There are 2 protein chains.
Amino acid sequence: MFRKFLTMFSLMLLITSVAGADDDGLMKRAQGMFKPIPLTPPAIEGEPATPEKVRLGHMLYFEPRLSKSQLISCQTCHNVGLGGADLQQVATGHGWQRGPRNSPTTFNAVFNVAQFWDGRAKDLAEQAKGPVQASVEMNNNPEQVIVTLKSLPAYVDAFKKAFPAEKDAVTFDNVARAIEVFEATLITPNAPFDRFLKGDAGALNAGEKEGLAAFMNKGCAGCHNGMNVGGLGYFPFGVVEKPEADVLPPGDLGRYKVTNTAADKYVFRSPSLRNVAITQPYFHSGTVWPLRDAVSIMGSAQLGMVLSEDEVGSITAFLQTLTGEQPQIVHPVLPPSTSRTPKPVLN
Amino acid sequence: MFRKFLTMFSLMLLITSVAGADDDGLMKRAQGMFKPIPLTPPAIEGEPATPEKVRLGHMLYFEPRLSKSQLISCQTCHNVGLGGADLQQVATGHGWQRGPRNSPTTFNAVFNVAQFWDGRAKDLAEQAKGPVQASVEMNNNPEQVIVTLKSLPAYVDAFKKAFPAEKDAVTFDNVARAIEVFEATLITPNAPFDRFLKGDAGALNAGEKEGLAAFMNKGCAGCHNGMNVGGLGYFPFGVVEKPEADVLPPGDLGRYKVTNTAADKYVFRSPSLRNVAITQPYFHSGTVWPLRDAVSIMGSAQLGMVLSEDEVGSITAFLQTLTGEQPQIVHPVLPPSTSRTPKPVLN
């Protein structure tokens, strides 16, 4: 009896230590490939985040008067209550027009190498100027935005405080700079995977660890690594096998339109997989809804392999550990329009 | 010299006491006609506001999945950052369609006698069911709303907690009841006029007091009285003189459509003037933008008098003292869609 107990006990010790060693190896490999999201917003080079600038950017992010209709704000497609994205296949904007691509999340976007699916904006400030002017999104222009903001004394004051060294602080550049600084606060730390990366082996369960191992072993982490588990480089979609036309519409040539280089046809910036489980639908086409299906498609299109149901399941389970603490954003109180404020134009 | 000083001194005393007496009289008259907004949300009869119910209503108010497109929420037209209203002439909804009337504010709406411009909903719960189903607004139906909410485990849990006595808590009635309880928290106390009503004679300046006196003397307060400075009764628009057709479109018969009574043609519920200075444009038609113009039109249409520039100016100044402290609302974090959640439908 006692001997049997001893055997059992040794066996248990052995299992525990083997599992421990495995965990240790997995954690070390992961730590070499990924980084946790920091607890506080990162500094942006050359753009110090004063409280006044963040406050202004916060107002502008929710400001529908940036759009011609005065109905659409950054928040419309990048909803802070919906993981920084929307629930749409593609962005829906002015006149109910549908944009060409799925709205990427603004959460943790500050950690991406560049912005937009094709990386055509080098940073969040440059990005912010795009949708304001896109005819299918906010359908506005910089001059009108400035006339509008200058008609609102609370904004004139907020710009002065945010950019105290500038004589004429209400500029389209400063609109974008303030939004960038606010967006840099939209980070989601403390995901289970972050806690794992910081040494808490119990933050992932066995299935999730299996998924993490598969994610690294199968090659997913080749394009999805670093702090954002993606977002750092450009890769052809369908590198091994072209997915269906609805997933990869032939007409959207991706980065080719930015660089005019043949090798960039169907090349996109790999998306960050941070909060991926709460930001469906997937891909630049926004045509795939279940996360499992997106994982399968990536297996065949990018890695040239049919992932088993178990592999898809465990990788999906791992991806769910990338959901971090969502930012708690107070809806800003926006200033009332004045007699000088342009009227909304819907057509 | 001393005598001269004494005379001056007596004169000053006299002026002060006369002004004081005037203030006192004005304040007493105002206190008999109006009431301050309370500092805490009012109780709704038969609908106790538990924290769980408020929390659920808060989520639902910001929930775009109440709409067929999954793009439009209560917040779209009743923006908590824009005085509980939008910046539009009339509500703009599904498919960029334009609704028939200007969106009334949800702020302090709990104090109105009934909801909608024609009073067709007896309370906020009944009101909340309207836009969800209106084809030009959210274009959804109760069955689809319930299928959607039941597909989201966080909502199923939130409904159970909000309505613990009910076996099947996720119902369309309960959606409306939770939204009502949340909306009852959207009150704006401590406006300068509220402080005046509570005895602080210095809360209004001389011009604003003149405006308040004119507001009562000219007859404005006949339809705009009580806690909400309006919102308590039904009155014909154009009782003395019909305004222009753009301000009072002949096709919108107002309360007549609700009661089918000839006397109710062009009858509307008088709007609350709380926060009126920050909720332009004005009237059910939403066609008048400057508050001064709205005051002038009311003078001729309702009172049959041409108000002087000074009178319009002072009444407008008084109306600006009705802007209260705006609620600070955190944007709720909404649950991610699941495989059972219906997809957004844009057409």
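Residues numbered from 1 in each chain as written. Chains lettered and ligands numbered in written order. Predicted model: local features only at pLDDT ≥ 70, side-chain atom pairs only at ≥ 80, totals over all residues. Heavy atoms only, no water.

1. Points about the overall build of chain A
- Looking only at helices and strands, one finds 12 helices and two strands in chain A.
- Secondary structure of chain A in N-to-C order comes out as α-α-α-α-α-α-α-α-α-β-α-β-α-α.
- Here the C-alpha coordinates of chain A stretch approximately 90 × 45 × 30 Å along the principal axes.
- Sorting the 347 residues of chain A into buried and exposed places 54% on the buried side.
- In chain A, the proportion of contacts linking residues at least 24 apart, taken out of those at least 6 apart, comes to 71%. (Helix = DSSP H or I, 4+ residues; strand = E, 2+ residues; numbered from the N terminus. Buried < 20%, exposed > 50% of the residue type's maximum accessible area, 1.4 Å probe, protein only. Contact = heavy atoms within 4.5 Å.)

2. Brief notes about the UniProt feature "binding site: heme c 1" (unreviewed entry) in chain A
All names here are of chain A.
- As annotated in UniProt, the feature "binding site: heme c 1" (unreviewed entry) corresponds to Cys-74, Cys-77, His-78 and His-94 in the numbering used here.
- Relative accessible area serves as the criterion here: at 9%, Cys-77 is assigned to the buried category.
- When sequence neighbours within four positions are dropped, the list of residues in contact with Cys-77 reads Gly-84, Ala-85, Asp-86, Ala-91, Thr-92 and Ser-103.
- Structurally, His-78 can be placed in the loop between helix H3 (74-77) and helix H4 (124-133).
- When its relative accessible area of 12% is taken as the criterion, His-78 is described as buried. (UniProt positions renumbered as here; feature names shortened; annotations may be inferred.)

3. Concerning the relation of the copies chain B and chain A
- Mapping chain B onto chain A calls for a rotation angle of 180° and an axial translation of 0.0 Å; the resulting RMSD is 0.0 Å. Those values place the two copies in the arrangement expected of a two-fold rotation axis. Among all C-alpha atoms of chain B, that of B:Val330 lies closest to the rotation axis, at 1.9 Å.
- Same-surface contact between copies: 100% of interface residues of chain B are shared with the interface of chain A. (Least-squares fit on C-alpha atoms with pLDDT ≥ 70 in both.)

4. So, the pattern of salt bridges
All names here are of chain A.
- With the rule as written, the count across this model stands at 32 salt bridges over all chains.
- A salt bridge links Lys-161 to Asp-157, with the shortest nitrogen-to-oxygen separation between them at 3.0 Å. On the criterion of helical spacing, the pair formed by Lys-161 and Asp-157 is a turn pair, its members being four residues apart in helix H6 (residues 153-162).
- For Arg-274, the salt bridge goes to Asp-194, with nearest N and O atoms at 2.8 Å. With a gap of 80 residues between them, Arg-274 in the loop between strand E2 (267-269) and helix H11 (291-303) and Asp-194 in helix H8 (residues 192-197) connect regions that are remote in the sequence.
- Residues joined by salt bridges that share partners form a network here, namely Glu-47, Lys-53, Glu-166 and Arg-177. (Salt bridge = Lys/Arg side-chain N within 4 Å of Asp/Glu carboxyl O.)

5. Looking at empty space enclosed by the protein
- Enumeration over the complete set of coordinates arrives at six cavities of 30 Å³ or more.
- Here the largest cavity is characterised by a volume of approximately 560 Å³.
- Together, 32 residues line the largest cavity, and A:Leu71, A:Thr76, B:Leu71, B:Ile72 and B:Thr76 are the ones closest to its centre.
- Within the residue set of the lining of the largest cavity, elements represented by two or more residues are H3 of chain A together with helix H3 (74-77) of chain B. (1 Å grid on protein atoms, 1.4 Å probe; cavity = no way out; pocket = protein on both sides within 12 Å on 5 of 7 lines; lining within 4 Å. Points joined across faces, edges and corners; volume = space filled by probe spheres on them.)

6. A few points about the packing of helix H4 (residues 124-133) of chain B against helix H7 (residues 172-183) of chain B
Residue and element names in this part refer to chain B.
- Relative orientation of the contacting elements H4 and H7 amounts to 115°, with a least axis distance of 8 Å. Where H4 crosses over H7, the two elements pack in a sense that is right-handed. Contacts between H4 and H7 involve Leu-124, Ala-125, Ala-128, Lys-129, Val-132 and Gln-133 from the first element and Phe-172, Asp-173, Ala-176, Arg-177, Ile-179, Glu-180 and Glu-183 from the second.
- Its residues assigned to classes, the contact of H4 with H7 shows seven nonpolar, one polar and five charged. (Axes fitted to C-alpha atoms, helices over the stretch in contact; angles between N-to-C directions. Left-handed = near helix turned anticlockwise from the far one by under 90°. Nonpolar A, V, L, I, M, F, W, Y, C, P; charged D, E, K, R; others polar.)

7. Some remarks on the domain arrangement of chain A
All names here are of chain A.
- For chain A, the domain assignment lists domain 1 (26-33 + 190-321) and domain 2 (51-185).
- Taken residue by residue, the interface counts 27 residues in domain 1 and 24 residues in domain 2.
- Between domain 1 and domain 2, the buried area comes to about 1900 Å², and carbon and sulfur atoms account for 53% of it.
- It is Asn-228, Arg-269 and His-284 in domain 1 that bury the most area against domain 2; as a group they hold 28% of the surface buried on that side.
- Linking domain 1 to domain 2 there are one salt bridge.
- Across the pair Arg-101 and Asp-252 runs a salt bridge, and its minimum N-O distance is 2.7 Å.
- At the boundary of domain 1 and domain 2, one finds 10 residue pairs in polar contact (both at pLDDT 80 or more). (Domains from an automatic or database assignment. Buried area = accessible area lost by both parts, 1.4 Å probe. Polar contact = N/O pair within 3.5 Å; in protein donor to acceptor, adjacent residues only side chain to side chain.)

8. Observations concerning the interface of chain B and chain A
- On the chain A side, the residues contacting the 40 residues of chain B number 40 residues.
- Interface area, chain B with chain A, both sides summed: about 3400 Å², of which 69% is carbon and sulfur.
- Here chain B and chain A share zero salt bridges between them.
- The tally of links between chain B and chain A comes to 14 residue pairs in polar contact (both at pLDDT 80 or more).
- Of the residues belonging to the side of chain B that touches chain A, the class tally is 20 nonpolar, 17 polar and three charged.

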